[in-house]
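# Report on the structure
Chain by chain, the residues:
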Amino acid sequence: MKRTLPLLLLAALSLACVQAAFSQQDMKVLAPAALGKLTRPAAQFNHDPHNEKAKLDDCVICHHGGADGKQDKSVSTEGTPCADCHKVKSVGKNTGLQRAYHKQCIDCHKAKGKGPVACGQCHKR
Ligand code: HEC
Ligand code: HEC
Ligand code: HEC
Ligand code: HEC
């Protein structure tokens, strides 16, 4: 057990790196499995070009950490779906998943005076 644990950790870590290297580059829309069947067209989010245009170099701006009702912006969690921490139905201090996306995306667009804030601009047919 003492010897297999580090190996397992290493395997998990390299898998995480491979995912980090490939997956977000192909992301064009957001349709997280946790939300199930969407009632609106999936939100436009061309991950890498969006972040380049918006000059968001620091991943933790969106991929924060946290637990027990407290956000932690010193821990970056890229590769972890928002749904791992934000439940579909909000409980207690937990911001629900739909609201978590809306708040993060729209608050920044409003603050910067750039980027879509109307429903149909993100949920494009
Ligand atoms: C403007 C916000 C934002 C920024 C900045 C951002 N991301 Fe993301 N990223 C997202 C969202 C939203 C998702 C989808 C999360 C989900 O599935 O719930 C995502 C998903 C990912 C995924 C998972 C891809 C997949 O297909 O499952 C990886 C890996 C990732 N981001 C890496 C990064 C890295 C590395 C950086 C910094 C260089 C970064 N992100 C910066 C918003 C952002
Ligand atoms: C490791 C766990 C974790 C992950 C992953 C995570 N969050 Fe959070 N987030 C938290 C915690 C804890 C809080 C504080 C309590 C709350 O509001 O739910 C929080 C708060 C928030 C808030 C409300 C505070 C604010 O900034 O206005 C928003 C919005 C948010 N998260 C959006 C997101 C989005 C979007 C993603 C995915 C890109 C994400 N979170 C990924 C743990 C996480
Ligand atoms: C921290 C700030 C920030 C966050 C968070 C953010 N955006 Fe943006 N977004 C911008 C800025 C700035 C622009 C305008 C870029 C430009 O054209 O100069 C933009 C532009 C866009 C556009 C226009 C087309 C494009 O790709 O440039 C879409 C669509 C968009 N954002 C969707 C989203 C979604 C969906 C989320 C949440 C998952 C999100 N954004 C989160 C800052 C942000
Ligand atoms: C800045 C982009 C943005 C804007 C503006 C926006 N949304 Fe969203 N919305 C998202 C993201 C990201 C999600 C989560 C991923 C998804 O559903 O595609 C989401 C999810 C949803 C969902 C849950 C999933 C579904 O389709 O059933 C509903 C409902 C929704 N939005 C309605 C609205 C309405 C109504 C408005 C206008 C008042 C709006 N949204 C404006 C980005 C946006």
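The sections below set out a description of the structure shown in this document. Bear in mind that the values here come from a model prediction, so they are computed numbers and not experimental data.

Okay, the coordination of the iron atom of ligand 1 next. Summarising the metal site, the iron atom of ligand 1 is bound by the protein donors H47 (NE2) and H63 (NE2), whose distances to it range over 2.0 to 2.1 Å. If you look at the iron atom of ligand 1, its 6 donor atoms make angles of 85 to 179° with each other, and the shape they trace is octahedral. Within this pair, whereas H47 is found in helix 2 (residues 47-53), its partner H63 is found in the loop between helix 2 and strand 3 (65-67), the two being separated by 16 residues in sequence. Taking the relative accessible area as the measure of exposure, H47 reaches 12% and is therefore buried. The partly exposed category is assigned to H63, whose relative accessible area is 23%.

So, about the site of ligand 4. The full set close to ligand 4 counts 20 residues, and L30, H102, C119, C122 and H123 are the nearest of them. Within the side chain of H102, a nitrogen or oxygen atom sits 2.7 Å from a nitrogen atom of ligand 4. In this structure, a nitrogen atom belonging to ligand 4 sits 2.8 Å away from a side-chain N or O atom of H123. With 6 residues, helix 3 (residues 97-112) is the single largest residue contributor to the shell around ligand 4. A breakdown of the residues in the shell around ligand 4 according to their chemical character gives 14 nonpolar, 5 polar and 1 charged.

Attention shifts here to the site of ligand 3. As a matter of local geometry, ligand 3 sits amid 17 residues, with H50, K53, C105, C108 and H109 nearest to it. K53 places a polar side-chain atom, nitrogen or oxygen, 3.0 Å from an oxygen atom of ligand 3. One of the side-chain nitrogen or oxygen atoms of H109 is found 2.8 Å away from a nitrogen atom of ligand 3. Secondary-structure elements contributing two or more residues to the shell around ligand 3 are helix 2 and helix 3. Looking at the shell around ligand 3, the element that brings in the most residues is helix 3, giving 5 residues. A breakdown of the residues in the shell around ligand 3 according to their chemical character gives 9 nonpolar, 5 polar and 3 charged.

A separate point is the pattern of salt bridges. Tallied over the entire structure, the rule returns 1 salt bridge. Linking D107 and K103 is a salt bridge whose minimum nitrogen-to-oxygen distance equals 3.1 Å. Taken together, the positions of D107 and K103, both in helix 3 and 4 residues apart, correspond to about one turn of that helix. Classification of D107 as partly exposed rests on a relative accessible area of 39%. Looking at K103, the relative accessible area reads 40%, which means it is partly exposed.

What counts and what doesn't
- Residues numbered from 1 in each chain as written.
- Chains lettered and ligands numbered in written order.
- Predicted model: local features only at pLDDT ≥ 70, side-chain atom pairs only at ≥ 80, totals over all residues.
- Heavy atoms only, no water.
- Donors = N, O, S within 2.8 Å, 3.2 Å for Na, K, Ca; no water.
- Tetrahedral: all angles 85-135°; square planar, octahedral: opposite > 155°, others 65-115°.
- Helix = DSSP H or I, 4+ residues; strand = E, 2+ residues; numbered from the N terminus.
- Buried < 20%, exposed > 50% of the residue type's maximum accessible area, 1.4 Å probe, protein only.
- Near = heavy atom within 4 Å.
- Polar contact = N/O pair within 3.5 Å; in protein donor to acceptor, adjacent residues only side chain to side chain.
- Nonpolar A, V, L, I, M, F, W, Y, C, P; charged D, E, K, R; others polar.
- Salt bridge = Lys/Arg side-chain N within 4 Å of Asp/Glu carboxyl O.

Nothing here speaks to function; it is geometry throughout.
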